[in-house]
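Coordinates in review
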Amino acid sequence: MSVEITATAAASGANATERFRSDKSVAAEVGTERVNALATRAIKALADTVMEEEVTYDEYNALKSWLIRVGEDGEWPLFLDVWIEHAVEEVANADREGSKGTIEGPYYVPGSPVLATPATLPMRDDEPGTPLLFQGRVTDINGEPIGGAQVEIWHADDLGFYSQFAPGIPEWNLRGTVIADSEGDYRINTVQPAPYQIPTDGACGELIASAGWHAWRPAHLHLKVSAPGHQLITTQLYFTADEHLSDDIASAVKPELVLQPEDKADGTGREVSYDFVLASAG
Ligand code: DHB
Ligand code: FE
């Protein structure tokens, strides 16, 4: 197949910025005391870096022009989700029971097509990539199945691109909200995602190149699993032997989240099981 994709940082950055604005309630109030404490500390950390590293005016102006470009490229969601969200997630889920969570990232879109299990995610007729059967059970922390649990899944395609963010991919491609059966079991037919490289042609890519870093995240499935009376879990699952498991640019890999798919007996691709354990709400 020929896929005409010219993904640009500016395009996916603008989309991620727009998505954040429309989906998240940014109106959340943060009280004066807390803003004072956090802003004082964050600004001091930066000023301390300047003092300790003896930052020059040239370096200061390079930072200023780079920060301006992050905004112009719409890359604040990317920057924050790659370098900061993992710490927020660690704090948020420190005491949580059940399955491990990890970062949401910038490419979640609520409202994907609802599908009964066994489900096949929306995909192109000639969707490239190795077919993957992803299945398992959703239970509570006592191992009781949660019938009708909702398994929302979204992931990049075989080229590492996300629908709704990279151009030329149909809406909702490789995205779905799968409803588990009465035993809490779900079965999802999809394709294996490719490792993902964060956009290299924008301000974040410029930072990565200038610092001599790499831009890769290991291949991953994104998930939000939920059921009434239980805490929603936002997580990602990775694949064994991926060369970027140990140096994910977004620091979002946890050993519990690495899958080991096997060849299907009928030769039609790979399959893997993963069970989700949801903690009760409050
Ligand atoms: C980014 C992309 C992802 O797919 C992800 O899971 C986390 C972060 C990013 O480009 O910022
Ligand atoms: Fe991702």
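See the structure above.
Calculation rules
As a convention, each chain's residues are numbered from 1 in the sequence order in which they are written. Chain letters start at A and ligand numbers start at 1, both assigned in the order the entries are written. In keeping with the model being predicted, local features are shown solely for residues with a pLDDT of at least 70 and side-chain atom pairs are shown and tallied solely at 80 or more, while totals for entire chains, interfaces and linings include all residues. In computing side-chain properties, one takes all heavy atoms of the structure into account and sets aside hydrogens as well as water. Elements are defined by DSSP. Helices are runs of H or I of four residues or more, strands are runs of E of two residues or more, and each kind is numbered from the N terminus. Using a 1.4 Å probe on the protein chains alone, a residue whose accessible area is under 20% of its type maximum counts as buried, one over 50% counts as exposed, and one in between counts as partly exposed. Because no water is among the atoms considered, metal sites can look incomplete, with donors defined as N, O and S atoms within 2.8 Å of the metal, or 3.2 Å for Na, K and Ca. One heavy atom suffices: a residue is near a molecule or strand as soon as one of its heavy atoms comes within 4 Å of it. The term polar contact refers here to a pair of N or O atoms within 3.5 Å; inside protein, the definition further demands a hydrogen-donor-capable atom paired with an acceptor-capable atom, and it admits residues adjacent in sequence only when both atoms are side-chain atoms. Accessible surface is estimated by sampling points in the Shrake-Rupley manner with a 1.4 Å probe; for residues, cover comes only from the protein chains shown. Three residue categories are used. Nonpolar comprises Ala, Val, Leu, Ile, Met, Phe, Trp, Tyr, Cys and Pro, charged comprises Asp, Glu, Lys and Arg, and polar comprises the others, including Gly. Any pair of residues with heavy atoms lying within 4.5 Å of one another is described as a contacting pair. We call two strands paired when DSSP finds no fewer than two bridges between them.

Overview of the environment of alanine 241
Along the chain, alanine 241 falls in the loop between strand E10 (233-239) and strand E11 (258-259). You can call alanine 241 exposed: its relative accessible area is 74%. It is 30 Å that separates the C-alpha atoms of alanine 241 and glycine 13, two residues lying 228 residues apart in sequence.

So, the coordination of the iron ion (ligand 2)
Tetrahedral coordination by four donors places them ideally at 109.5 degrees to one another around the metal; octahedral coordination by six donors ideally gives 90 or 180 degrees. For the iron ion (ligand 2), every protein donor is listed as Tyr162 (OH), His220 (NE2) and His222 (NE2), and the spread of their distances is 2.0 to 2.1 Å. Sequence positions of the donors to the iron ion (ligand 2) reduce to the motif Y-x57-H-x1-H. Of the two residues, tyrosine 162 is situated in the loop between strand E4 (150-155) and strand E5 (175-179) and histidine 222 in strand E9 (residues 220-226); the sequence distance between them amounts to 60 residues. No difference in accessibility class separates tyrosine 162 from histidine 222, as the two residues are buried.

Regarding the site of ligand 1
Close to ligand 1 lie 13 residues; Val82, Tyr162, Tyr196, Arg217 and His222 are nearest. Within the side chain of tyrosine 196, an N or O atom sits 3.0 Å from an oxygen atom of ligand 1. Side-chain polar atom of histidine 222 to an oxygen atom of ligand 1: 3.0 Å apart, as the coordinates give it. In the complex, 100% of the free accessible area of ligand 1, which totals 290 Å², lies under the protein chains. If you list the elements that add at least two residues to the shell around ligand 1, you get helix H4 (76-83) and E9. Class assignment for the residues of the shell around ligand 1 results in eight nonpolar, four polar and one charged.

Description of the side chain of glutamine 192
Positionally, glutamine 192 belongs in the loop between strand E6 (185-191) and strand E7 (196-197). Those residues in contact with glutamine 192 that lie beyond four places of it in its chain are Thr130, Leu132, Asp158, Phe239, Pro261 and Arg270.

Some remarks on the sheet that holds E5
Read across the sheet, six strands follow the order E1-E5-E4-E9-E10-E11 without closing on themselves; strand pairing throughout is mixed. Both outer strands of the open sheet, strand E1 (114-116) and E11, are each paired with one neighbouring strand and no more. With six bridges joining them, E4 and E9 adopt antiparallel strand pairing. From the neighbouring strand, valine 151 faces E9, where its bridge partner is valine 225.

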